[in-house]
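# Structure at a glance
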Amino acid sequence: MQKQSLNEQWRFHFGDPHEWWGYVPDVSTWRVVDLPHDWSIELDRAADNPSGASGGFFEMGRGWYHKTFNAPETWRGKKVFIEFEGVYMNAEVWLNGTLLGRHPYGYTSFVYELTPYLNVGGENVLRVMVDNSHQRNSRWYSGSGIYRHVWLMVADPVHVAAWGVYVTTPEVSPERARVQVETSVVNGTALARDAVVRTSIVAPDGAVVGAAETAMTLDPGSTQVYRQNIEVAQPALWSPETPSLYWLETVVMVGDRIVDTATTPFGIRSLHFDAQTGFLLNGQPTLLKGGCVHHDNGVVGSAAYPRSEERKVEILKASGFNAVRCAHNPPSPAFLDACDRLGMLVIDEAFDCWRVGKNPGDYHVSFDDWWQRDLDSMLYRDRNHPCVIMWSIGNEVHERAGESNGVALAHMLADHVRAVDPTRPVTAAINGGHMAWPWEQTDPVFAALDVGGYNYQHGQYRPDHERCPERVMYGSESTAKEAFEHWMDVLELPYVIGDFVWTALDYLGEAGIGRTFFEDEPFTFLGKYPWNQANCGDIDLCGFKRPQSYYRDVLWGSGDPLYIAVHYPVPEGKTPKTTYWGWPDVDANWTWPGREGETFEVDVYSACEQVELFLNGASLGVQPTTREERFTATFAVPYAPGALKAVGYKDGRAVAERELHTVGAPIGLRLTPDRNRLKAENGDLSFVTVEVVDAEGRMHPHADHPIFFTVMGAGTLAAVGNGNPASEEAYVGNQRHAYRGRCLAVVKANGAPGEIRLRAQADGLATAEVVIQVGG
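Quick summary incoming for the structure in this document. Values in this document were obtained by computation on a predicted structure and should not be read as measured data.

## A closer look at the overall build of the protein
Scanning the protein for helices and strands turns up eight helices and 47 strands. Here the protein has a C-alpha radius of gyration of 27 Å; the compact-globule value for 776 residues is 28 Å, and the two agree. Along the first, second and third principal axes, the C-alpha set of the protein runs to 90 × 65 × 55 Å. In the protein, which comprises 776 residues, the share counted as buried stands at 59%.

Structural data, given as structure tokens:
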């Protein structure tokens, strides 16, 4: 099946003139956009936007897309399909004036056949209406539009079905593996066809290490499954540490003619879960160092650029994570591809609700009619990804204690998952009740699962094990504030296989759920406008590590063994508090001009047995930082400019140091791209960290200058942002204030080779410029 991108040169209009429903309008004045496209990230936020704090106060609404393409004569007699990886939401798709269908759910991929309505040899018109106007329909920022890739697929009438290759590895050892392949072949003709499927396995080094050939007669208009078993000697096993990928090469032949080919990456690995040994990956005990991740890509909104998805995984890996829970919907294919390549375990989740909704316009509206189709989309599309280790059928559903026929629904969903893919366990994330029912009332829903996810319920691990000793458990959500308790349970209890913090990466919407406030302020669950970021991530919206991420490094024994966290000063008479999902307002900052002599609270997160703190060479004392102290020492330090240094000790020897310095006045800007060379492909990205620095090149932690950006050459400025969770600035534009010394600019290649020159300017600071090569 030939697959080509249909991402470029769409016409877009935001709004809903009623007359457009009946005919194709004049689109010459519509804006030209490339996909992926999220229109909400481009729009102004306002306190009265119907999305509210849950949606980050972004405008949603309804939008229209229009695309023309030519169907060459070579397509005559072929089958032509279109695949949308994700449209948020309520998509309606027309081709040449014919409605192809409607797809309500914004997170599952869908395919339509275009063949009957195609104008072969001429121009064709695609029209897509996207309706995100029924607010609220999400508990977080959803974005709006055709925010994932669109593909045009052309095939012979005899071809491999969409998502029709299924690879499993039922027998795995270091010596040999049995690879089982099921290939669904469609005979789209009115005659029986004798077809041969040839399958080859290509190893990571490019060598062909196994092959099979099977012949069958395909009935007219049928889809039939070819089943093959291929042995691979001394396989390279897939794991987070060694993400070795094989490729399955499929060739379909009718007579001596090749009618279709397919390439399917996969990994050879084994999964085993039980309450005695926990989770075994390739026979090895593996603890899930996990984080929940929403679908958005930070400052670029929900647009699923492959590079932004890949960068998310790179950042998570660098911070010690080995597992992600996709909250609370199937992710983009690009995200799973990156997890396969880089080595990140994934819980693939289907729904945030079942029949009982959480918002007026959410998935409960479509559940009865669409649950099976949407589950199938996730399962068939994602089943070959070695990174996916569990299927989740829901998150904190209201039916979790059996209400509204919840037990039957749980079994219905779980049984369907197992029927499609019996190789992975079924899970769901279960939280406690806001009702008056006892926790034990969730047992019948848990009984439908293979592995139980516990949201904020680590206190139930031990009593549940006593009551249900075969239940395998994990913390499907936890807070950074309770990271210590949750991780100690994972280390102590073999039936608890891991923990997933809410969240690993910060996200748009659910604004201010992780904020600091003062005790005398009226409390609200979410922040008021202009809050737009959740502010609960270990990593902020730009991809910068926050203090709680450094504390997690200590807990997990990864990354830096020491971190100095200085509490921001509090106005006299005020008492700071944090929400359940928050973290104290601290930073690695020893620059406090005008506060000389004031006492600062300083925490040191330490993986050492003891820590000693020095100010300008003078010792401020030694404190233990063992498990009993929760790996934290707290000092009261009178501020004086200079150097604040922590020294960690083990067995009486200094084994680690961390030092903060008072920085000088800001004099310039520094630009650091995450990549200096991009592909000459439309949509490849470079994320450029922008820092305000002093004369010695140190970032100034209080700098908040407005910074202006100019881009020249073979690209554009895709987005700007910072870690300020309550900024009123736009994410699309050419200006952004620094926040605590830095911000982020995202540069996008336009498809042409050459170079991109990014210039950053701010009043009173030396201008900075960086050149990013494209192509070559």
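So, next bit.
## Describing empty space enclosed by the protein
Applying the stated criterion across every chain, the model contains three cavities of 30 Å³ or more. A volume near 170 Å³ is recorded for the largest cavity. Asn297, Gly298, Lys312, Leu505 and Leu541 are, among the 18 residues lining the largest cavity, the residues nearest its centre. Its residues assigned to classes, the lining of the largest cavity comprises eight nonpolar, five polar and five charged. One number sums up the size of the second largest cavity: a volume of about 90 Å³. Together, 16 residues line the second largest cavity, and His294, His295, Lys312, Pro331 and Ser332 are the ones closest to its centre. In terms of residue class, the lining of the second largest cavity is made up of eight nonpolar, five polar and three charged.

## Remarks on the sheet that holds strand 33 (residues 599–606)
Hydrogen bonds along the backbone pair up the strands of a sheet, which may run parallel or antiparallel. The antiparallel open sheet is built from four strands, whose spatial order is 32-30-33-36. The sheet is open, and its two edges are formed by strand 32 (586–587) and strand 36 (632–638), each paired on a single side. Across seven bridges, the pairing between strand 33 and strand 36 is antiparallel. Counted as the bridge partner of Phe600 is Val637 from strand 36.

## What about the pattern of salt bridges?
Applying the stated criterion to the full structure yields 50 salt bridges. In this structure, Glu182 and Arg227 form a salt bridge, with 3.8 Å as the shortest nitrogen-oxygen distance. Note that Glu182 is positioned in strand 12 (residues 176–187) and Arg227 in strand 15 (residues 223–233), a separation of 45 residues in sequence. For Glu182, a relative accessible area of 21% gives the class partly exposed. A relative accessible area of 58% means that Arg227 is categorised as exposed. Between Arg759 and Glu769 there is a salt bridge, with its nearest N and O atoms 2.8 Å apart. Here Arg759 is found in strand 46 (residues 754–761), whereas its partner Glu769 is found in strand 47 (residues 768–774), with ten residues between them in sequence. Overlapping salt bridges, with partners in common, bring together Arg307, Glu310, Glu314, Arg341 and Asp674 in one network.

## Re the side chain of Asp156
Tracing the backbone through its elements, the reader meets Asp156 in the loop between strand 10 (150–155) and strand 11 (158–172). A distance of 2.9 Å separates a polar side-chain atom of Asp156 from the backbone nitrogen of Val158.

## Quick look at the environment of Arg257
If you trace the backbone, Arg257 turns up in strand 17 (residues 257–266). Using a relative accessible area of 42% as the deciding quantity, one classes Arg257 as partly exposed. Note: C-alpha distance between Arg257 and Ala195 (62 residues apart in sequence) is 9.8 Å. Contacts of Arg257, omitting those with residues within four sequence positions, involve Asp156 and Val252.

## What about the environment of Gly298?
Mapped onto the elements of the fold, Gly298 is located in the loop between strand 21 (288–293) and helix 1 (306–318). On the basis of relative accessible area, Gly298 is assigned to the buried category, the value being 5%. Separated by 210 residues in sequence, Gly298 and Leu508 place their C-alpha atoms 6.8 Å apart.

## Focus on the layout of surface pockets
Empty space among the atoms can be located by rolling a probe the size of a water molecule over them. Estimated volume of the largest pocket: approximately 1,400 Å³. Along its surface, the largest pocket is lined by 46 residues, and Lys3, Glu85, Trp151, Pro333 and Asp337 are the ones closest to its centre. Secondary-structure elements contributing two or more residues to the lining of the largest pocket are strand 1 (2–5), strand 10, strand 11, strand 17, helix 1, helix 2 (333–342) and helix 3 (367–382). Looking at the lining of the largest pocket residue by residue, the classes come out as 17 nonpolar, eleven polar and 18 charged. In this model, the second largest pocket occupies a volume close to 1,200 Å³. If you trace the second largest pocket, you find 44 residues lining it, with Pro547, Val586, Asp587, Tyr739 and Arg740 closest to the centre. No other element matches the four residues that strand 38 (residues 653–661) contributes to the lining of the second largest pocket. For the lining of the second largest pocket, a count of residues per class yields 21 nonpolar, nine polar and 14 charged.

## Observations concerning the packing of aromatic side chains
All told, the structure shown has 43 aromatic pairs when counted by the stated rule. Summarising the aromatic geometry, the rings of Tyr88 and Tyr107 are spaced 5.2 Å apart at their centres and angled 55° between planes, so their arrangement reads as tilted. Taken together, the residues span a long stretch of sequence, with Tyr88 in the loop between strand 5 (79–84) and strand 6 (91–95) and Tyr107 in the loop between strand 7 (98–103) and strand 8 (110–113) at a distance of 19 residues. For Tyr107, a relative accessible area of 3% translates into the label buried. Aromatic rings pair up to connect Tyr88, Tyr105, Tyr107, Phe351, Tyr363 and Phe367 into one cluster. Across from the ring centre of Trp556, 5.6 Å away, lies the NZ or CZ of Arg552, which sits over that ring.

## Observations regarding the pairing of strand 38
A regular strand carries its side chains on alternate faces of the sheet. Pairing analysis gives eight bridges linking strand 37 (residues 643–650) to strand 38, with the strands arranged antiparallel. Across the sheet, the residue bridging to Gly648 is Ala656, located in strand 38. Between strand 37 and strand 38, which pair antiparallel in sequence order, lie two residues; one of them, Asp651, sits at a positive phi of approximately 55°.

## A look at helix 8 (residues 547–556)
In terms of burial, helix 8 is a largely internal element, ten of the ten residues being buried. Those residues of helix 8 that fall on the buried side of the exposure criterion are Pro547, Gln548, Ser549, Tyr550, Tyr551, Arg552, Asp553, Val554, Leu555 and Trp556. Gly557 lies just past helix 8 and shows a positive phi near 70°.

## Here we look at the pairing of strand 21
Of all six residues in strand 21, five are buried, a share of seventy percent or more. Here strand 21 runs beside strand 28 (residues 496–501); their pairing, made up of four bridges, is parallel. In the sheet register, Lys289 faces strand 28, and the bridge partner there is Asp499. With four bridges joining them, strand 21 and strand 22 (residues 323–326) adopt parallel strand pairing. Across the sheet, Gly290 pairs through a bridge with Ala323, a residue of strand 22.

## A closer look at the packing of helix 7 (residues 483–492) against helix 8
Interhelical geometry of helix 7 versus helix 8 gives an angle of 25° and a closest axis separation of 11 Å. When the interaxial angle is binned, helix 7 and helix 8 end up roughly parallel. With respect to the hand of their crossing, helix 7 and helix 8 are arranged in right-handed fashion. Facing Ala483, Phe484, Trp487 and Met488 of helix 7, the residues of helix 8 in contact are Tyr551, Arg552, Leu555 and Trp556.

Conventions adopted
- Residues numbered from 1 in each chain as written.
- Predicted model: local features only at pLDDT ≥ 70, side-chain atom pairs only at ≥ 80, totals over all residues.
- Heavy atoms only, no water.
- Helix = DSSP H or I, 4+ residues; strand = E, 2+ residues; numbered from the N terminus.
- Rg over C-alpha atoms; globule rule 2.2 N^0.38 Å.
- Buried < 20%, exposed > 50% of the residue type's maximum accessible area, 1.4 Å probe, protein only.
- 1 Å grid on protein atoms, 1.4 Å probe; cavity = no way out; pocket = protein on both sides within 12 Å on 5 of 7 lines; lining within 4 Å.
- Points joined across faces, edges and corners; volume = space filled by probe spheres on them.
- Nonpolar A, V, L, I, M, F, W, Y, C, P; charged D, E, K, R; others polar.
- Pairing = 2+ DSSP bridges.
- Salt bridge = Lys/Arg side-chain N within 4 Å of Asp/Glu carboxyl O.
- Polar contact = N/O pair within 3.5 Å; in protein donor to acceptor, adjacent residues only side chain to side chain.
- Contact = heavy atoms within 4.5 Å.
- Phe/Tyr/Trp six-rings, centres within 6.5 Å; stacked < 30°, edge-to-face > 60°.
- Lys NZ or Arg CZ within 6 Å of the ring centre and 35° of its normal.
- Axes fitted to C-alpha atoms, helices over the stretch in contact; angles between N-to-C directions.
- Parallel < 35°, antiparallel > 145°, perpendicular 65-115°, else oblique.
- Left-handed = near helix turned anticlockwise from the far one by under 90°.

On their own, these measurements won't tell you what the molecule is for.
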